[in-house]
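Inside the fold
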Amino acid sequence: MSATATPEEAGTPPDRRRDTHEPVRRRRRSSTRDKVTLALMLGIPAIVVLMFIWGPALASVGLSFTRWNGITAPTFIGVENYQNVTQTYPPFWPAFKNNILWLAVLLLVATPLGLLLAIVLDREIRGTRFYQSIFYLPVVLSLALVGFIWQLVYSTEQGLINNLTGSSVNWLGDPDVNIWAVLVAASWRHVGYIMVLYLAGLKGVDNSLREAAALDGAGPAQTFFKVIFPTLKPINVVVLVVTVIEGLRAFDIVYVINKGTNGLELLSVLITNNILGEASRIGFGSAIAVILLVISLIFIITYLVQTLRRDD
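Presented here is a report on the structure given in the accompanying data block. (Residues numbered from 1 in each chain as written. Predicted model: local features only at pLDDT ≥ 70, side-chain atom pairs only at ≥ 80, totals over all residues. Heavy atoms only, no water.)

What the protein contains, in helices and strands, is 14 helices and 2 strands. Looking at the protein residue by residue over its 312 residues, the buried ones come to 32%. For the protein, the proportion of contacts with a sequence separation of at least 24, taken over those separated by at least 6, is 65%. Accessible surface, the protein as shown: approximately 19,900 Å² in total, 64% of it carbon and sulfur. (Helix = DSSP H or I, 4+ residues; strand = E, 2+ residues; numbered from the N terminus. Buried < 20%, exposed > 50% of the residue type's maximum accessible area, 1.4 Å probe, protein only. Contact = heavy atoms within 4.5 Å. Areas by Shrake-Rupley, 256 points an atom, 1.4 Å probe, with all protein chains shown as cover.)

Okay, structure coming up:
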């Protein structure tokens, strides 16, 4: 033992003794330049979000309680716009029903199909890259272009479906049929988007989880639902938010087909017609926009609360 060892160090293993010659590490103090850079990196995106997202959203909430044509000063009228929207505005409830139907189809049909495609393509089958490209191709198309493409498919006289089946169904003109026809077109695009999201999540799952489940005797279905799917919780949140947004903001495809009328009424179309139409009822259109915002928040907040409770 060294003659200079202290009584405390005498009974301490050599590898645990403190090296008295080791330099003391000091935390580097941020310079003014670092603080300015950090402030710009965080401040500019925050300002952009406030200006272009939260600002217009809060302005719409405020304007929904007014009567304003965009020229004269707004007049505060309380909840009169909401009463008129729900009680005396005929297109509102059909549009409300169509929006809920749109969201339900995307959630219960298109999203599970996208998940199924992701599971199949994650197995690295032959030609998987080709199939991924084919299924993702509709995602890069705008909904307006999707509407034009499916107009050719659904055309009564020259449409692909009627020519193949020999029928003369008016797919886009019949109000009892056109909403379902348009939902097929919207789902065609949505499936590829969900497939890519889940495929990215599945690529990040540790293979040891699958191997451990196989050793425990779990089948493919049990392995997925009991082991793999719970690890995709962050992806599920993203998918839910994306699906709700896609379901409630739908506008382009129905506007291209028939201006969102004759069975294709949507809340987004009513908002546009009232705010940008000849009447310029900005307060009235803002009330519809707030209702649409509340609907979207109900689905998202409910899911997040349930998820957090399960985590607790």
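Now that the structure has been shown, the text picks up again.
Taken as a whole, this structure holds 1 cavity of 30 Å³ or more when the rule is applied. The computed volume of the largest cavity comes to approximately 80 Å³. Contributing to the lining of the largest cavity are W102, L106, L143, A186, R189, H190, Y193, E246 and A250. Residue assignment for the lining of the largest cavity shows that the elements contributing at least two residues are α4 (92-121) and α8 (178-203). Looking at which element gives the most residues to the lining of the largest cavity, the answer is α8, with 4 residues. Partitioning the lining of the largest cavity into residue classes produces 6 nonpolar, 1 polar and 2 charged. (1 Å grid on protein atoms, 1.4 Å probe; cavity = no way out; pocket = protein on both sides within 12 Å on 5 of 7 lines; lining within 4 Å. Points joined across faces, edges and corners; volume = space filled by probe spheres on them. Nonpolar A, V, L, I, M, F, W, Y, C, P; charged D, E, K, R; others polar.)

A few words now on the layout of surface pockets. Its boundaries defined by the atoms lining it, the largest pocket holds a volume of some 480 Å³. A57, A289, L292, L293 and S296 are the residues nearest the centre of the largest pocket, which is lined by 17 residues in total. Counting residues per element, the ones that place at least two in the lining of the largest pocket are α2 (32-63), α11 (233-248) and α14 (282-311). Here the lining of the largest pocket gets 7 residues from one element, more than from any other, and that element is α14. Of the residues belonging to the lining of the largest pocket, the class tally is 14 nonpolar, 2 polar and 1 charged. Lining of the second largest pocket is provided by I119, D122, R123, L202, R210, A214, P220, A221, T223, F224, F225 and I228. When contributions to the lining of the second largest pocket are tallied by element, the ones reaching two or more residues are α9 (207-215) and α10 (220-231). For the lining of the second largest pocket, the class distribution of residues is 8 nonpolar, 1 polar and 3 charged.

In terms of nonpolar packing, the biggest core is built from 24 residues, with W102, V182, I253 and V254 touching the most fellow members. Among the elements of the structure, α4, α6 (143-154), α8 and α12 (252-258) are those that each provide at least two residues to this core. Among the elements that line this core, the one with the most residues is α8, at 7 residues. The next biggest cluster of nonpolar side chains, apart from the first, holds 20 residues, and it includes L267, V290, I291 and I295. (Core = buried A, V, L, I, M, F, W, Y, C linked by side-chain atoms within 4.5 Å.)

A few words now on α6. For α6, which comprises 12 residues, the first-to-last C-alpha distance of 16 Å matches the rise-based estimate of 16 Å (1.5 Å per residue) to within 8%. Among all positions in α6, only L143, V146, G147, W150, V153 and Y154 are buried. Along the long axis of α6, the arc covered by the buried residues comes to 115°, so they all point the same way. The inward-facing, buried residues of α6 contact α7 (160-165), α8 and α12. (Expected span 1.5 Å × (residues − 1). Arc of directions from axis to C-beta.)

The next thing to look at is the pattern of salt bridges. Side chains that differ in sign of charge can pair as their charged atoms come close. A complete count under the given rule lists 4 salt bridges for this structure. The residue K203 makes a salt bridge to D122 at a minimum N-O spacing of 3.5 Å. One end of the pair, K203, is in helix α8; the other, D122, is in the loop between α4 and α5 (128-136), with 81 residues separating them in the sequence. The closest approach of N and O atoms between E246 and R249, which form a salt bridge, is 2.9 Å. The buried category is assigned to E246, whose relative accessible area is 12%. Given the relative accessible area of 48%, R249 is considered partly exposed. (Salt bridge = Lys/Arg side-chain N within 4 Å of Asp/Glu carboxyl O.)

Helix α13 (residues 267-276) packs onto α4 with a crossing angle of 140° between their chain directions and a minimal axis gap of 8 Å. Viewed along their axes, α4 and α13 adopt a mutual orientation that is oblique. Judged by residue contacts, F92, A95, F96 and N99 of α4 engage L267, S268 and L270 from α13. Residue composition of the contact of α4 with α13, by class: 5 nonpolar, 2 polar and no charged. (Axes fitted to C-alpha atoms, helices over the stretch in contact; angles between N-to-C directions. Parallel < 35°, antiparallel > 145°, perpendicular 65-115°, else oblique.)

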